[in-house]
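Fold and geometry: a report
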Amino acid sequence: HSCWHAQEFGVMSLFGVSETVHTNLGFGLVALLTAGGEQIFSTAVFKCPCNDLNFIYGMVFLLVPALALLLLGYILNRKTWKLLTGLCQHRGKPLRCKKLVAAGMILFQISTTALVAPSSWIAVALLNGNYYECAMTGTNVSIYNKHVCREKNQEAQCEKELHRFPCGKGPQAVRDDVLLSLRAESQILGWLLITLMMVTNLLLTCVARCSSPISYLQLKFWKAYVHEENNLIDSYADKHAKALAERNLKSFFEKTPPENFITPSNRDWEKIS
Amino acid sequence: HSCWHAQEFGVMSLFGVSETVHTNLGFGLVALLTAGGEQIFSTAVFKCPCNDLNFIYGMVFLLVPALALLLLGYILNRKTWKLLTGLCQHRGKPLRCKKLVAAGMILFQISTTALVAPSSWIAVALLNGNYYECAMTGTNVSIYNKHVCREKNQEAQCEKELHRFPCGKGPQAVRDDVLLSLRAESQILGWLLITLMMVTNLLLTCVARCSSPISYLQLKFWKAYVHEENNLIDSYADKHAKALAERNLKSFFEKTPPENFITPSNRDWEKIS
Amino acid sequence: HSCWHAQEFGVMSLFGVSETVHTNLGFGLVALLTAGGEQIFSTAVFKCPCNDLNFIYGMVFLLVPALALLLLGYILNRKTWKLLTGLCQHRGKPLRCKKLVAAGMILFQISTTALVAPSSWIAVALLNGNYYECAMTGTNVSIYNKHVCREKNQEAQCEKELHRFPCGKGPQAVRDDVLLSLRAESQILGWLLITLMMVTNLLLTCVARCSSPISYLQLKFWKAYVHEENNLIDSYADKHAKALAERNLKSFFEKTPPENFITPSNRDWEKIS
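Please read these numbers as outputs of a predicted model, since none were measured by experiment. (Residues numbered from 1 in each chain as written. Chains lettered and ligands numbered in written order. Predicted model: local features only at pLDDT ≥ 70, side-chain atom pairs only at ≥ 80, totals over all residues. Heavy atoms only, no water.)

For the rest of this paragraph, the subject is the overall build of chain A. A tally of helices and strands in chain A yields 12 helices and 0 strands. N-terminal to C-terminal, the α/β element order of chain A is α-α-α-α-α-α-α-α-α-α-α-α. Relative to its full complement of 273 residues, chain A shows a buried share of 40%. Accessible surface, chain A: about 15,700 Å² in total, of which carbon and sulfur atoms supply 66%. (Helix = DSSP H or I, 4+ residues; strand = E, 2+ residues; numbered from the N terminus. Buried < 20%, exposed > 50% of the residue type's maximum accessible area, 1.4 Å probe, protein only. Areas by Shrake-Rupley, 256 points an atom, 1.4 Å probe, with all protein chains shown as cover.)

This is the structure in structure tokens:
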């Protein structure tokens with residue numbers, strides 16, 4: 001029986017990545033929600049300060065929400081906690097290489113799931129262009145500023161007043177030129193990021209399928225098995241807990257000694273987890 | 001039998017923190033409601049007075065509702081009262097170190113739950129920027145005022161009329177600059193607070209899971225047990241109370257001596273609480 | 001048997017306050033209804049008279065509805081009448097100290113419940129600011145008026161026409177300044193009141209729980225018992241009364257001497273009340 005579960009563990013870690021195919025619809029929903037949220041933020045909350053803070057402000061709006069979404073992705077993923085509990089319980093024991101590799105694979109697969117929302121945020125923000133525009137006009141790196149203002153009339157004034165461009169100040173003609181090219185850069189980066197996400201998704205699923213020792217139909221069987229086992233564990237545990245609670249309370253209110261009750265030991269639990 | 005419950009107590013205090021994962025949806029709802037309430041307040045009720053009161057007024061709107069929400073979080077949490085009753089009953093007896101640590105952990109875990117709403121309030125208020133803007137233009141600290149008005153035309157007038165800026169008074173160009181940078185500072189602080197909340201949540205859950213002696217599946221079983229026990233205690237207590245009340249009233253109306261009735265003693269109650 | 005009820009009485013008076021936890025939802029509803037009512041009054045009914053009556057008018061709208069709500073709270077509370085009946089029956093007999101303390105505790109606990117609605121009224125009214133604004137422009141205390149109009153242009157005119165400000169009369173610039181700071185003061189007071197309410201609630205419940213001799217779970221059992229007993233008293237009393245009435249009427253119409261009927265004596269009733 002414990003052999004069943006060792007095998008199952010290996011299988012789980014493999015088709016966890018290929019499960020991404022199945023949950024692509026869910027990923028699409030997450031990406032859409034993120035995009036909607038980004039739109040609301042960029043119109044209602046974001047206002048470029050047009051001073052020294054430009055770069056920090058733009059970067060905070062571009063990256064910090066993405067970081068928050070990444071952490072949220074880790075927090076909300078059940079597998080993170082399964083993995084962590086598993087690792088912590090082996091703290092005392094010597095870690096075998098095989099288990100470390102399996103844990104690394106699960107971590108990798110959690111990360112791929114958690115990265116969907118932050119990538120969407122950054123991609124949509126870059127396609128929008130507001131944050132990048134604001135950040136890049138406030139870099140205060142003179143080489144970059146020269147690069148942005150090259151081949152323009154009033155080059156000196158452009159470099160000096162660059163941080164005021166997103167608020168609609170500074171010489172009109174130059175400003176429009178600069179903002180248009182910054183926005184274009186931002187949108188090119190956005191499309192590249194989206195393509196990168198797609199390619200990575202495709203490659204990862206390919207690798208996961210190829211390295212799996214089992215066929216497509218067998219995989220479906222295993223998925224069904226794991227799903228059924230999880231359901232049954234829940235229902236058995238519920239039944240067991242109810243019986244145990246009833247026995248303890250009965251003995252408390254009626255002042256009788258509790259009956260004997262067979263319950264799995266901690267070691268048994270560890271073996272199946 | 002009492003050993004069962006001692007074990008249960010230790011388990012409860014541990015996975016209470018990790019329950020945060022399970023209740024993340026509830027937290028999201030609380031945060032959303034808080035954010036909505038903040039929006040209503042900041043548009044309908046908040047009006048910066050634009051005089052000496054600016055700093056106090058802004059800070060009151062930023063912090064006092066958060067404090068009220070924190071207290072409300074403590075008041076509405078059942079565990080607060082369970083813990084308090086438990087601590088007060090041991091007043092006379094010598095407190096063992098182990099119990100104190102357990103109580104500290106429960107208090108810590110109640111606090112993490114209670115902090116969700118106030119943190120959300122402060123985060124949304126900072127992202128909005130109204131309160132911070134009003135508070136920071138009324139600090140009356142000349143160094144800060146100089147910092148805000150540096151590199152502006154009309155520096156002296158800016159410092160003098162700073163507290164009137166949020167009401168749309170004072171020189172237009174300077175005012176817009178100052179308000180934009182204050183709003184930017186406020187929003188950067190807001191995003192940092194949100195990231196901090198996420199990181200803290202992740203770390204706390206990690207620590208709680210790692211220090212737990214039981215596996216993920218066993219945890220689910222224990223949660224089911226505690227849930228069932230709570231339900232059954234309620235139903236048993238109801239049945240018991242009904243029987244006791246019926247006996248007492250029957251003996252009162254029919255003037256017969258009350259029958260003997262087995263009821264748990266106060267000491268028994270204390271042992272299982 | 002009477003010992004049962006003496007114990008019960010002590011328990012009742014103690015967890016009456018801690019019942020506030022259970023009824024926090026009800027309190028929230030009361031507070032919400034009060035707030036809504038206040039909003040309706042302040043827009044539809046309240047119109048500052050802008051003359052000598054300002055102070056009285058504002059204070060009446062701020063305090064008199066609160067007083068009415070307080071009295072309503074006392075009237076609608078069943079415990080008020082239970083306590084009053086109990087106290088009046090002991091008029092002739094010497095009052096023992098223990099009973100007086102118990103009565104004081106119940107009165108205190110009724111007051112805490114009755115204070116919810118008036119506090120909400122005052123808090124919402126202060127957050128709104130209309131009543132305070134109107135009251136404070138009509139104080140007719142020259143020191144206060146000077147304080148309000150300090151550092152303004154047209155100081156003399158401001159002091160003189162202060163009571164006309166809430167109706168939109170008097171010099172515009174000065175008027176706006178004065179009304180904004182009065183509204184700010186009012187809202188700060190409102191928030192402080194809300195915090196005070198929260199802290200008081202928390203502290204009272206703490207004290208009530210700590211001084212209670214019983215544990216959290218036992219408390220739940222006792223609540224269930226008291227609830228059941230109240231229900232059963234009503235049903236038993238109904239049954240008993242019906243039987244008694246039937247016997248009396250039968251004996252009246254059939255002109256037979258009434259059968260003997262066991263009914264509790266007045267002394268018995270007093271003992272259980």
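Continuing now.
Right, let's talk about the state of the cysteines for a bit. Residue and element names in this part refer to chain A. Inspection of every chain in the model, using the stated rule, returns 9 disulfides over all chains. Disulfide pairing places Cys50 opposite Cys167 at an S-S distance of 1.7 Å. Taking the torsion about the sulfur-sulfur bond, which here is approximately 105°, the covalent link between Cys50 and Cys167 counts as right-handed. One end of the pair, Cys50, is in the loop between helix 2 (24–44) and helix 3 (54–76); the other, Cys167, is in the loop between helix 9 (155–161) and helix 10 (172–211), with 117 residues separating them in the sequence. A relative accessible area of 8% means that Cys50 is categorised as buried. Note on Cys167: relative accessible area 29%, which makes it partly exposed. Here Cys149 is linked by a disulfide to Cys158, with a sulfur-sulfur distance of 1.8 Å. (Disulfide = S-S within 2.5 Å.)

With that settled, consider helix 5 (residues 97–114) of chain B. The terminal C-alpha atoms of helix 5 of chain B, which comprises 18 residues, lie 26 Å apart, in line with the 26 Å expected from a rise of 1.5 Å per residue. Burial in helix 5 of chain B covers these residues: Ala102(B), Ala103(B), Ile106(B), Gln109(B), Ile110(B), Ser111(B), Thr112(B) and Ala114(B). (Expected span 1.5 Å × (residues − 1).)

Let's shift gears to the side chain of Glu38(A). Positionally, Glu38(A) belongs in helix 2. In this structure, Glu38(A) is in contact with Trp121(A), Val124(A), Ala125(A), Asn128(A) and Tyr131(A), ignoring residues within four places of it in sequence. (Contact = heavy atoms within 4.5 Å.)

This next bit is on the pattern of salt bridges. When charged atoms on two side chains of opposite charge get close, those side chains can pair. For the structure on display, the rule yields 6 salt bridges over all chains. One salt bridge in this structure joins Arg164(A) and Glu161(A), with 4.0 Å as the shortest N-O distance. Taking the shortest distance from any N to any O, the salt bridge between Arg183(C) and Glu133(C) comes out at 3.0 Å. With Arg183(C) in helix 10 (residues 172–211) and Glu133(C) in helix 7 (residues 130–136), the pair connects residues that are 50 residues apart, well separated along the chain. A residue is classified by how much of its surface remains accessible, and Glu133(C), at 7% relative accessible area, is buried. (Salt bridge = Lys/Arg side-chain N within 4 Å of Asp/Glu carboxyl O.)

Here we come to helix 6 (residues 116–128) of chain C. All names here are of chain C. With 13 residues, helix 6 extends 18 Å from end C-alpha to end C-alpha; this agrees with the ideal 18 Å at 1.5 Å per step. Of all 13 residues in helix 6, 12 are buried, a share of seventy percent or more. Of all the residues in helix 6, the buried ones are Val116, Ala117, Pro118, Ser119, Ser120, Trp121, Ala123, Val124, Ala125, Leu126, Leu127 and Asn128. Gly129 sits one or two residues past helix 6 and shows a positive phi near 95°.

Moving on to the packing of aromatic side chains. Applying the stated criterion across every chain yields a total of 22 aromatic pairs over all chains. Members of the aromatic cluster, joined through ring pairs, are Phe41(A), Phe46(A), Tyr57(A), Phe61(A), Trp121(A), Tyr131(A) and Trp191(B). (Phe/Tyr/Trp six-rings, centres within 6.5 Å; stacked < 30°, edge-to-face > 60°.)

In this section: the nonpolar core. By size, the foremost hydrophobic cluster in this structure holds 48 residues, and its most contacted members are Phe46(A), Tyr57(A), Phe61(A), Tyr131(A), Phe165(A), Val178(A) and Trp191(B). In terms of residues, this core owes the most to one element, helix 3 of chain A, which gives 11 residues. Within the second largest apolar cluster, 47 residues are counted, among which are Cys50(B), Leu53(B), Leu71(B) and Tyr132(B). (Core = buried A, V, L, I, M, F, W, Y, C linked by side-chain atoms within 4.5 Å.)

What follows covers the packing of helix 3 (residues 54–76) of chain C against helix 5 (residues 97–114) of chain C. All names here are of chain C. At a minimum axis distance of 8 Å, the contact between helix 3 and helix 5 shows a crossing angle of 130°. It follows that helix 3 is oblique to helix 5 by the angle criterion. The interaxial crossing formed by helix 3 with helix 5 has right-handed handedness. Residues Leu69, Leu70, Gly73 and Tyr74 of helix 3 lie in contact with helix 5, whose contacting residues are Ile110, Ser111 and Ala114. Across the contact of helix 3 with helix 5, the residue classes break down as 5 nonpolar, 2 polar and no charged. (Axes fitted to C-alpha atoms, helices over the stretch in contact; angles between N-to-C directions. Parallel < 35°, antiparallel > 145°, perpendicular 65-115°, else oblique. Left-handed = near helix turned anticlockwise from the far one by under 90°. Nonpolar A, V, L, I, M, F, W, Y, C, P; charged D, E, K, R; others polar.)

Residue and element names in this part refer to chain A. Relative to the assigned elements, Val178 resides in helix 10. Accessibility expressed as a relative area gives 0% for Val178, which makes it buried. Along the primary structure Val178 and Val207 are separated by 29 residues, whereas in three dimensions their C-alpha atoms are 43 Å apart. Once you skip the residues sitting within four places of it in the chain, Val178 turns out to touch Val148, Lys152, Cys158, Leu162 and Phe165.

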